[in-house]
Amino acid sequence: IISKLRPKEIEKYVSSLKEVAAHWYNTYNPINNRDLTENEALWLDRLNRIGIVYFRPLVTVSFIAKGVTSNDRVRLFKQIERFIFIIFRMGRAFSTYRNSEFYKAARQLRVGETSIDEIISILEERMHWSFYQYDDNGPKHFDYVHFQKYLQKKFQGGGGFYSWNGLKYFLYEYELEKVKQRGNQKIDWSTLFVKEKKDKVSVEHVLPQTPSKKCWKSIIGIYSEKELNIITNSLGNLVPLSMSINASLQNDCFEDKKVAKFNSQEKKIRMGYNDGSHSEIEIASNDNWTPEHILQRGLSLLKFLEQRWEVKFESREGMLELLFLKFLEEPKDK
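Procedures and definitions
- Residues numbered from 1 in each chain as written.
- Predicted model: local features only at pLDDT ≥ 70, side-chain atom pairs only at ≥ 80, totals over all residues.
- Heavy atoms only, no water.
- Salt bridge = Lys/Arg side-chain N within 4 Å of Asp/Glu carboxyl O.
- Helix = DSSP H or I, 4+ residues; strand = E, 2+ residues; numbered from the N terminus.
- Buried < 20%, exposed > 50% of the residue type's maximum accessible area, 1.4 Å probe, protein only.
- Core = buried A, V, L, I, M, F, W, Y, C linked by side-chain atoms within 4.5 Å.
- Contact = heavy atoms within 4.5 Å.
- 1 Å grid on protein atoms, 1.4 Å probe; cavity = no way out; pocket = protein on both sides within 12 Å on 5 of 7 lines; lining within 4 Å.
- Points joined across faces, edges and corners; volume = space filled by probe spheres on them.
- Nonpolar A, V, L, I, M, F, W, Y, C, P; charged D, E, K, R; others polar.
- Polar contact = N/O pair within 3.5 Å; in protein donor to acceptor, adjacent residues only side chain to side chain.
- Disulfide = S-S within 2.5 Å.

Draft legend 1. Representation of the pattern of salt bridges. Evaluation of the coordinates by the stated rule reveals 21 salt bridges. Between Arg308 and Glu173 there is a salt bridge, with the nearest N and O atoms lying 3.0 Å from each other. Of this pair, Arg308 sits in helix H14 (residues 291-309) while Glu173 sits in helix H8 (residues 167-182); the two residues are 135 residues apart in sequence, bridging distant segments of the chain. Each member of the pair Arg308 and Glu173 is classed as buried. In this structure, Glu317 engages Lys326 in a salt bridge whose closest nitrogen and oxygen atoms are separated by 2.7 Å. A relative accessible area of 39% means that Glu317 is categorised as partly exposed. Under the relative-accessibility criterion, Lys326 is labelled partly exposed at 30%.

Draft legend 2. Focus on the nonpolar core. Membership of the largest hydrophobic core comes to 97 residues, with the highest contact counts inside it found for Phe55, Phe83, Trp164 and Phe170. The biggest single contributor to this core is helix H4 (residues 70-90), with 11 residues. Non-local contacts of Phe55, meaning those with residues more than four positions away in its chain, are made with Ile80, Phe83, Ile84, Phe102 and Leu123.

Draft legend 3. Here's a closer look at empty space enclosed by the protein. Here the structure, examined in full by the defined rule, presents 1 cavity of 30 Å³ or more. Its volume calculated, the largest cavity comes out at about 30 Å³. Met90, Gly91, Trp129, Ser130, Phe142, Asp143, Tyr144, His146 and Phe147 together form the lining of the largest cavity. Residues of the lining of the largest cavity, tallied by class, amount to 5 nonpolar, 3 polar and 1 charged.

Draft legend 4. Structural view of the environment of Phe85. Tracing the backbone through its elements, the reader meets Phe85 in helix H4. Note on Phe85: relative accessible area 0%, which makes it buried. Sequence separation between Phe85 and Arg316 is 231 residues, and the spatial gap between their C-alpha atoms is 21 Å. With residues near it in sequence (within four places) discarded, Phe85 still touches Ile50, Met90, Trp164, Tyr169, Phe170, Leu305 and Trp309.

Draft legend 5. Expanded view of the environment of Gln209. Checked against the element boundaries, Gln209 lands in the loop between strand E3 (200-205) and helix H10 (214-220). For Gln209 and Gln250, which are 41 residues apart along the polypeptide, the C-alpha to C-alpha distance reads 8.4 Å. Within the local environment of Gln209, its side chain forms a polar contact with the side chain of Asn233, the two groups lying 3.4 Å apart.

Draft legend 6. Layout of the state of the cysteines. Scanning all chains against the criterion turns up 1 disulfide. Paired through a disulfide, Cys215 and Cys253 show a sulfur-sulfur distance of 2.0 Å. Every disulfide takes its handedness from the sign of the S-S torsion; for Cys215 and Cys253 that torsion is -90°, giving left-handed. Taken together, the residues Cys215 in helix H10 and Cys253 in the loop between strand E4 (238-246) and helix H12 (254-257) connect sequence positions 38 residues apart.

Draft legend 7. Summary view of the layout of surface pockets. By volume, the largest pocket amounts to about 280 Å³. Lining the largest pocket are 13 residues; nearest its centre among them are Ile31, Glu38, Ala41, Leu42 and Asp45. The residue makeup of the lining of the largest pocket, split by class, is 6 nonpolar, 3 polar and 4 charged.

Draft legend 8. Fine view of the side chain of Arg73. Mapped onto the secondary structure, Arg73 falls in helix H4. Engagement of the side chain of Arg73 in a polar contact is seen with the backbone oxygen of Val68, the distance being 3.4 Å. Ignoring any residue separated from it by four or fewer positions in sequence, one finds Arg73 in contact with Glu40, Ser62, Phe63 and Val68.

Draft legend 9. A look at the environment of Ser218. Here Ser218 is to be found in helix H10. When its relative accessible area of 62% is taken as the criterion, Ser218 is described as exposed. Spatially, the C-alpha atom of Ser218 lies 48 Å from that of Thr96, the residues being 122 residues apart in sequence.

Given below as structure tokens:
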């Protein structure tokens, strides 16, 4: 290409490449980036955390295309993030789903053949299969069947929600919502969730996976092994920690988890829930931690999901089915 260009054309071509490279770099490094607005940086950070998949070219072009404002970009980033969470993290679509369409959209946006509004409209249209209509005039409800089948396999493998590849992103977003309400961010994604060490955990089962201590056995004694696996790996039993801990400390009693723990040299070896993340503090407000507490927290987290990603469950029954905890509300023989 360059060999066929005149000197001024080469200069223009190289300048264009530099501009693209600069914006491409910015998409990878949004934090404390002076080239970005606060909202642009916020949503780019979210896209990097959730896994931007094949949208980076489109995101980069949004900074180059003529007539695209910062507000337009933020609207696009929000819709892409929602698309990724609903379609890939919950809907379990293949990672290549519609990729050629959005690569093409990036090229079209670059030359002015499409607009941000049109691309957002396409993103919304491609999410339709994840929802169903309650009636002709009613709101759209989230079709959780694909997500439920995926989780069912995870539970059969012993992991449940704990093995969901969207868990850390989801719990981190919930934590950030609490930060907005209360201030004082206590979890840093880059140091806690990305650089985990061997035998360290950053997301803890409040009710342990191996509840060997008497304090837990008195609570879970009436449940079968299969039921216990579901309870311990259910969404409401998982909490992000403000500081990663050794896996062995997960078996502590609830009362012990609520307060800091020190070794024989008086060195703190785990933070207590009482002074941990906002999610930990929320859990520590309970006097005890039972399957019923896990159920209620799971329902609260799904309500947050509804609000945060603009999805709606048709009923409480549907939420219970997705949590796999309907049996907790059924009569249990002693």
